Amino acid sequence: MKKTNLATGLLILSVFTSAVYADITLQSTKEVEGTWKLDHSKNFITDKDSVKREDTWVFKNDKVTILHIPRDGTYYDQPPVNYEIDDGKLKVYLVGNSRFDLFTLVDKDDKNMTLKGKFGGYYYFIKK
């Protein structure tokens, strides 16, 4: 009896845990359009430590421009690159070639957006 109750409890807990971390399917580029300040990032969602970020991502007309990227004590802006929604995920092409980064939308409201990179990094944005 105790084993059955424990198994049932674990099953219910696993259902709710996966719902919390469920990815959101993007339908259109309009869902991410605008100017987003990248506030911080984490390697894993459960990390206690985060990396403070300073760059701003501007999504406009199917192009994304990343501004104010820190490098060697100064800052630079990346030229605009194409982005699109592919199979519900955000595909951002890299400068100068056909490779791309792939992001999954984890959470979004009017003021915040969280993206998960294809290798598990989490990016926390604030709408500007």
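The structure under discussion appears in the preceding block.
Engineer: Sorry if this is basic, but what is going on with the pairing of strand 4 (residues 63-67) here?
Structural biologist: Put simply, side chains in a regular strand alternate between the two faces of the sheet. Where strand 3 (residues 56-60) meets strand 4, five bridges bridge the pair, whose relative direction is antiparallel. Bridge pairing in strand 4 links Phe59 to Val64. Adjacent in sequence and paired antiparallel, strand 3 and strand 4 are bridged by two residues, among which Asn61 carries a positive phi angle near 55°. Relative to strand 7 (residues 81-86), strand 4 is paired through two bridges, and the arrangement is antiparallel. Each residue of the ladder has a partner; that of Lys63, found in strand 7, is Asn82.

Engineer: What exactly am I supposed to notice about the side chain of Gln78 here?
Structural biologist: If you trace the backbone, Gln78 turns up in the loop between strand 6 (74-76) and strand 7. Accessibility expressed as a relative area gives 19% for Gln78, which makes it buried. Setting aside chain neighbours within four positions, we find Gln78 in contact with Thr65, Ile66, Ile69 and Val95.

Engineer: Help me understand the pattern of salt bridges, please; the structure alone is not making it clear to me.
Structural biologist: It is possible for side chains of opposite charge to pair when their charged atoms get near one another. For the structure on display, the rule yields four salt bridges. Between Asp55 and Arg53 there is a salt bridge, with its nearest N and O atoms 3.6 Å apart. For Arg53, a relative accessible area of 24% corresponds to the partly exposed category.

What counts and how
Residues numbered from 1 in each chain as written. Predicted model: local features only at pLDDT ≥ 70, side-chain atom pairs only at ≥ 80, totals over all residues. Heavy atoms only, no water. Pairing = 2+ DSSP bridges. Helix = DSSP H or I, 4+ residues; strand = E, 2+ residues; numbered from the N terminus. Buried < 20%, exposed > 50% of the residue type's maximum accessible area, 1.4 Å probe, protein only. Contact = heavy atoms within 4.5 Å. Salt bridge = Lys/Arg side-chain N within 4 Å of Asp/Glu carboxyl O.

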